[in-house]
Amino acid sequence: MKRLLLVGAFGCHLALVVAGAAQLTSHLHGPVARGLRFYDALTGAGDSYSFFAPAVGPQLRARFVLSGPQGERSEEILETGKSREVGFRLGNLAGTIYLLSKRSDLRRAFLGALAANRFGAHPEANLVQVNIEEWVMPAMAEYRLGARPRWRSLHDATFVRTSRSPP
Amino acid sequence: MRSGRSRLLAIDTWFRPVSPRPLAGLRVALPLLLLFHLLWLSNDILALHGSRGIIPWELTDLLRDPWVPGLPTLAKALLPLGISAHTAIILLLSVYAGSLLSLALGFYTRLSAFLAWGLHLSLMTSGFASFYGVDQLANTFLFYLFLFPSGRAWTFASPRPEETIPVGCLRVMQIHLCVIYLAAGLFKAMGRQWWNGEAIWQAVSQPAFSTFDLSSLARHSWIPMIAGWGTLVVEIGYVFLIWPRRTRKVWCFATIGLHLGMALFMGLVFFSSVMILLTGCLFLIPDEVPERAAA
C-alpha cells in the first residue's frame with residue numbers, strides 16, 4: 001500500500017511537471033490553481049523551460065543620464081563595472097520593468113527605485129533620466145546590406161532630487 | 001518478455017534497488033556550484049537582495065507569491081529578537097552558504113538540503129526581478145535532494161558499500177530532466193528563428209551574451225543555421241536517446257558539447273555548468289549496485 005501511494009505521488013508530480021512544461025497550469029484559475037502554483041513554486045514542477053524560445057527576444061537594459069547642478073552630464077548603465085553573471089541579473093531587472101509596463105503605477109515605482117539607487121551612488125547629481133532600452137539587432141540579410149544594431153528607447157522617466165540629506 | 005510500458009506501470013519496478021552514487025554526485029556538485037556562484041555574486045548580493053538594494057522590499061512584496069516566504073519575510077521574523085533587517089540578511093545568507101557546504105560534505109544531508117532548498121527559494125522569491133532559468137533549475141534539484149536519500153557515498157561518514165536507494169528516486173529526476181530538454185527543444189522548434197539560424201545570430205550578437213565578435217557569421221549564415229538545427233536535435237533527441245545504453249554516452253557528450261558552446265560563445269557559464277552537472281550526475285554516473293551488495 002505504501003509503495004502504491006509513493007508511485008502515485010511520483011506519477012502526480014511528474015504529471016504536473018509535464019503540465020507545467022506544456023504551460024497548461026498557467027491557464028488555470030481559482031483555489032485549485034492557487035494551490036498548484038504554490039506547489040509549483042516550492043518544487044519547480046510548474047516551470048515552462050522556454051529558454052530562448054520560440055524566438056530570441058531583444059536584450060533590455062536600464063540606462064541613466066545623470067545631471068549635476070552645474071549642468072555636467074554623465075551616462076551609465078546598471079551593469080557598468082559588474083561581472084557578466086551580475087550583468088545578466090541586472091539586465092533581467094530592466095526586463096521585469098518592461099513586463100510591468102502595462103501597470104503604469106508599478107512601472108513608475110520601479111523606475112523611481114532605479115533612480116533612487118543612482119542618486120545614492122551619485123550624491124552630486126540632482127537629476128536622473130532613466131531609460132529602458134532594447135537592443136535592435138538586424139537580421140543576417142539586413143546586416144549584410146549594411147544595417148547595424150542599435151539601442152531603442154522603450155520607456156523613460158526623469159526624476160529630480162528635491163531635498164538633500166545632511167552630510 | 002514484458003514491454004517497457006508494462007514494466008513502467010509495475011509498482012515494484014520503481015523500488016528496484018540501485019546505487020545512490022548518481023544522487024550523491026549531485027549532492028556534492030550542485031551545492032558546491034551554488035556556493036561558488038554565491039561567492040561570485042557576493043560583492044553585489046546585497047544590491048540584489050538586501051533591504052537597501054536596487055529594488056526595495058516594498059516593491060518586490062507587491063509582486064511575489066504571498067504564500068512563498070521571501071528573505072524579507074524571514075528577516076522581519078527576526079526583528080523581535082533585536083536583529084536588524086541588514087544583519088538578518090547577512091545571517092540568512094551565511095546560513096544558506098553553510099547549508100550548501102554542509103550538504104556537499106554530507107553532514108546531516110536531509111536537514112542541510114532542506115535549509116539550502118528553503119533559503120534558495122527565499123532568495124529566488126525576493127530577488128524575482130533579477131533571477132533567471134538556472135535559479136529555478138537549482139531550486140528543483142535542491143528540492144529533490146531534500147526529498148530523496150542520496151546515501152553516504154562521498155561523505156565523511158563511514159561508507160556502506162551495500163547502500164541502495166529505490167530506483168524511482170533516480171527515475172523521477174531523470175524524467176524531469178528529459179521533460180526540461182523536450183520542452184526547451186519543442187518550444188524552440190515552434191519558432192522560425194531556430195530553423196534559419198537567426199536565433200543563434202541574435203543570441204551571440206547581444207551585448208549581454210557576446211563573448212567574441214561573431215559579426216562575420218552574417219556572411220556565412222549556414223553556420224548559425226546548422227548550430228540551430230544541432231540545438232534542436234540535441235534537445236528534442238535527449239528524451240529518446242539518453243535512455244538506450246548504446247546511445248547514452250554519445251548523447252551525454254553531445255549535450256555537454258552544446259552547453260560548453262553556450263558557455264564559450266554566450267558566456268552562460270553558470271547555467272551551462274548546472275546543466276552539464278545534471279546530465280553528468282544523473283546519466284553518466286553508473287547506478288548499478290556493486291556485486292557484493294547485490295548478492
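Everything discussed here concerns the structure shown above.
The text that follows walks through the structure, step by step, so that each part is easy to find. (Residues numbered from 1 in each chain as written. Chains lettered and ligands numbered in written order. Predicted model: local features only at pLDDT ≥ 70, side-chain atom pairs only at ≥ 80, totals over all residues. Heavy atoms only, no water.)

So, the sheet that holds strand S4 (residues 150-160) of chain A
All names here are of chain A.
At step 1: With antiparallel pairing, the 4 strands of this open sheet are ordered in space as S2-S1-S3-S4. Looking along the sheet, the strands with just one partner apiece sit at the ends: strand S2 (73-77) and S4. Mean inter-strand twist for the sheet, computed between neighbouring axes without regard to direction, equals 20°.
At step 2: Two elements, strand S1 (residues 60-67) and strand S3 (residues 127-136), share 8 bridges in a ladder whose sense is antiparallel. (Pairing = 2+ DSSP bridges. Helix = DSSP H or I, 4+ residues; strand = E, 2+ residues; numbered from the N terminus. Axes fitted to C-alpha atoms, helices over the stretch in contact; angles between N-to-C directions.)

Examining the interface of chain A and chain B
At step 1: Contacts between chain A and chain B engage 57 residues on the former and 75 residues on the latter.
At step 2: The contact between chain A and chain B buries some 5800 Å² in all, and 70% of this surface belongs to carbon and sulfur atoms.
At step 3: For the pair chain A and chain B, the interface holds 2 salt bridges.
At step 4: For the interface between chain A and chain B, the tally reads 26 residue pairs in polar contact (both at pLDDT 80 or more).
At step 5: Among the elements that line the side of chain A that touches chain B, the one with the most residues is helix H1 (residues 2-21) of chain A, at 10 residues. (Contact = heavy atoms within 4.5 Å. Buried area = accessible area lost by both parts, 1.4 Å probe. Salt bridge = Lys/Arg side-chain N within 4 Å of Asp/Glu carboxyl O. Polar contact = N/O pair within 3.5 Å; in protein donor to acceptor, adjacent residues only side chain to side chain.)

Here's the deal with the nonpolar core
At step 1: Of all hydrophobic cores here, the largest spans 132 residues; its most connected members are Leu114 of chain A together with Leu26, Leu30, Phe141, Leu177 and Phe271 of chain B.
At step 2: It is helix H9 (residues 167-189) of chain B that contributes the most residues to this core, 13 residues altogether.
At step 3: Here Phe271 of chain B is in contact with Phe51 of chain A together with Tyr132, Val134, Leu137, His259 and Met262 of chain B, once residues within four sequence places are set aside. (Core = buried A, V, L, I, M, F, W, Y, C linked by side-chain atoms within 4.5 Å. Buried < 20%, exposed > 50% of the residue type's maximum accessible area, 1.4 Å probe, protein only.)

So, the pairing of S1 of chain A
Residues and elements named next belong to chain A.
At step 1: Counting buried residues along S1, 8 of its 8 residues qualify, which places the element largely inside the surrounding structure.
At step 2: Residues Leu60, Ala62, Phe64 and Leu66 point to one face of S1 and Arg61, Arg63, Val65 and Ser67 to the other, with burial holding for every one of them.
At step 3: Examined bridge by bridge, S1 and S2 share 5 bridges and lie antiparallel to one another. Paired with Phe64 across the bridge in S2 is Glu76.
At step 4: Between the end of S1 and the start of S2, which pair antiparallel, lie 5 residues, with Gly71 showing a positive phi angle near 90°.

A word on helix H7 (residues 109-126) of chain B
At step 1: With 18 residues, H7 of chain B extends 25 Å from end C-alpha to end C-alpha; this agrees with the ideal 26 Å at 1.5 Å per step.
At step 2: The element H7 of chain B is largely enclosed, with a buried count of 13 among its 18 residues. (Expected span 1.5 Å × (residues − 1).)

Some remarks on unusual backbone geometry
Residues and elements named next belong to chain A.
At step 1: With omega at -5°, the peptide bond leading from Ala53 into Pro54 counts as cis.
At step 2: With respect to the helices and strands, the residue Pro54 is situated in the loop between helix H2 (31-43) and S1.
At step 3: Even without being glycine, Gln23 reaches a positive phi, approximately 60°.
At step 4: Along the chain, Gln23 turns up in the loop between H1 and H2.
At step 5: Residue classification places Gln23 among the partly exposed residues on the basis of a relative accessible area of 28%.
At step 6: Backbone geometry places Phe52, a non-glycine residue, at a positive phi of 50°.

Considerations on empty space enclosed by the protein
At step 1: Tallied over the full model, the rule gives 2 cavities of 30 Å³ or more.
At step 2: Space inside the largest cavity adds up to approximately 190 Å³.
At step 3: Looking at the largest cavity, it is lined by 19 residues, and the ones nearest its centre are Arg89 of chain A together with His37, His120, Leu123 and Asp135 of chain B.
At step 4: Counting residues per element, the ones that place at least two in the lining of the largest cavity are helix H2 (21-41), helix H3 (45-49), H7 and helix H8 (133-147) of chain B. (1 Å grid on protein atoms, 1.4 Å probe; cavity = no way out; pocket = protein on both sides within 12 Å on 5 of 7 lines; lining within 4 Å. Points joined across faces, edges and corners; volume = space filled by probe spheres on them.)

Describing the pattern of salt bridges
At step 1: Summed over all chains, the structure comprises 11 salt bridges over all chains.
At step 2: Several salt bridges share partner residues, and in doing so they unite Arg61, Arg63, Glu75 and Glu133 of chain A into one network.

Re the environment of Phe36 of chain B
At step 1: Relative to the helices and strands, Phe36 of chain B resides in helix H2.
At step 2: Put simply, Phe36 of chain B and Val172 of chain B are 136 residues apart on the chain and 27 Å apart in space, counted from C-alpha to C-alpha.

Some remarks on the packing of H2 of chain B against helix H14 (residues 269-284) of chain B
Residue and element names in this part refer to chain B.
At step 1: For the pair H2 and H14, the least separation of the axes is 9 Å and the interaxial angle reads 170°. Between H2 and H14, the interaxial angle falls into the category roughly antiparallel. When H2 is examined against H14, the residues Pro22, Gly25, Leu26, Ala29, Leu30, Leu33, Leu34, His37 and Trp40 are found in contact with a partner set consisting of Val269, Phe270, Ser273, Val274, Leu277, Leu278, Cys281 and Leu282.
At step 2: Looking at the contact of H2 with H14 residue by residue, the class counts come to 14 nonpolar, 3 polar and no charged. (Parallel < 35°, antiparallel > 145°, perpendicular 65-115°, else oblique. Nonpolar A, V, L, I, M, F, W, Y, C, P; charged D, E, K, R; others polar.)

What about the side chain of Glu133 of chain A?
Residue and element names in this part refer to chain A.
At step 1: Structurally, Glu133 can be placed in strand S3.
At step 2: In this structure the side chain of Glu133 is engaged in a polar contact, spanning 2.8 Å, whose partner is the side chain of Arg61.
At step 3: At 2.8 Å, the side chain of Glu133 forms a polar contact with the side chain of Arg63.
At step 4: Residue contacts for Glu133: discarding those within four places in its chain leaves Gln59, Leu60, Arg61, Arg63, Trp151, Arg152, Ser153 and Leu154.

A word on a nonpolar patch on the surface
Residue and element names in this part refer to chain B.
At step 1: Taken together, the side chains of Leu91, Val95, Phe107, Tyr108, Leu111, Phe114, Leu115 and Phe156 make up a nonpolar region of the molecular surface, amounting to roughly 850 Å² of accessible area.
At step 2: Going through the elements one at a time, helix H6 (85-105) and H7 are the ones with two or more residues in the nonpolar patch.
At step 3: No other element matches H7, which puts 3 residues into the nonpolar patch.
At step 4: Assignment of secondary structure puts Leu111 in helix H7.
At step 5: Overall, the relative accessible area of 51% leaves Leu111 in the exposed class. (Patch = residues over 30% accessible without salt bridge, like charges linked within 9 Å, V, L, I, M, F, W, Y side chains within 5 Å. Areas by Shrake-Rupley, 256 points an atom, 1.4 Å probe, with all protein chains shown as cover.)

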